[in-house]
Amino acid sequence: MIVLYDQDGFVSFDRLQQFTQQEGVKAVRIEGTDGLPQFEKMPEVKAALDAFWAGLK
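Because the structure is predicted, anything quoted here is derived from the model rather than measured. (Residues numbered from 1 in each chain as written. Predicted model: local features only at pLDDT ≥ 70, side-chain atom pairs only at ≥ 80, totals over all residues. Heavy atoms only, no water.)

Caption draft 1: Representation of the confidence of the model for the protein. Taken residue by residue, the protein gives an average pLDDT of 91. The fraction at 70 or more is 98%. Mean pLDDT per element in the protein: helix α2 (residues 37–40) is the minimum at 91, and helix α3 (residues 42–55) is the maximum at 94. (pLDDT = per-residue confidence, 0-100. Helix = DSSP H or I, 4+ residues; strand = E, 2+ residues; numbered from the N terminus.)

The structure is reproduced here in structure tokens:
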């Protein structure tokens with residue numbers, strides 16, 4: 001599982017570090033997106049997802 005995130009005025013990431021300590025869980029911060037990386041920085045999102053899927057092979 002991968003979590004793509006940035007700062008967000010409506011979501012707290014206080015427990016993200018604890019969550020990513022689980023096996024198979026990774027978090028990637030895509031800065032400058034205010035919580036919507038999939039719309040604001042599509043190339044960075046694609047790169048993060050490609051790297052994640054490549055690591056599962």
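Caption draft 2: Looking closely at the nonpolar core. Counting six residues, the largest nonpolar core is built from I2, V28, I30, V45, A48 and F52. Apart from residues no more than four positions distant in its own chain, F52 is found in contact with M1, I2 and G24. (Core = buried A, V, L, I, M, F, W, Y, C linked by side-chain atoms within 4.5 Å. Buried < 20%, exposed > 50% of the residue type's maximum accessible area, 1.4 Å probe, protein only. Contact = heavy atoms within 4.5 Å.)

Caption draft 3: Local environment of the packing of aromatic side chains. On inspection of all chains with the given rule, the structure shows two aromatic pairs. Ring geometry for Y5 against F13: centres 5.2 Å apart, planes inclined by 45 degrees, an arrangement best described as tilted. Pairing F52 with W53 gives two aromatic rings, centres 5.3 Å apart and planes at 70 degrees, and the pair type is edge-to-face. The class for F52 is buried, based on a relative accessible area of 10%. On the basis of relative accessibility, which here comes to 52%, the residue W53 falls in the exposed class. (Phe/Tyr/Trp six-rings, centres within 6.5 Å; stacked < 30°, edge-to-face > 60°.)

Caption draft 4: Layout of the environment of D14. With respect to the secondary-structure elements, D14 resides in the loop between β1 (2–5) and α1 (16–20). Between the alpha carbons of D14 and R29 there is a distance of 14 Å; along the sequence they are 15 residues apart. In this structure the side chain of D14 is engaged in a polar contact, spanning 2.9 Å, whose partner is the side chain of S12. (Polar contact = N/O pair within 3.5 Å; in protein donor to acceptor, adjacent residues only side chain to side chain.)

Caption draft 5: Spatial organisation of the pattern of salt bridges. Applying the stated criterion across every chain yields a total of two salt bridges. With a closest N to O distance of 2.9 Å, D6 and R29 form a salt bridge. Here R29 lies in strand β2 (residues 26–29) and D6 lies in the loop between β1 and α1, a separation of 23 residues in the sequence. On the basis of relative accessible area, R29 is assigned to the partly exposed category, the value being 42%. As a salt-bridge pair, D50 and K46 come within 2.6 Å of each other at their nearest N and O atoms. Residue D50 and its partner K46 are located together in helix α3, separated by four residues, close to a single helical turn. (Salt bridge = Lys/Arg side-chain N within 4 Å of Asp/Glu carboxyl O.)

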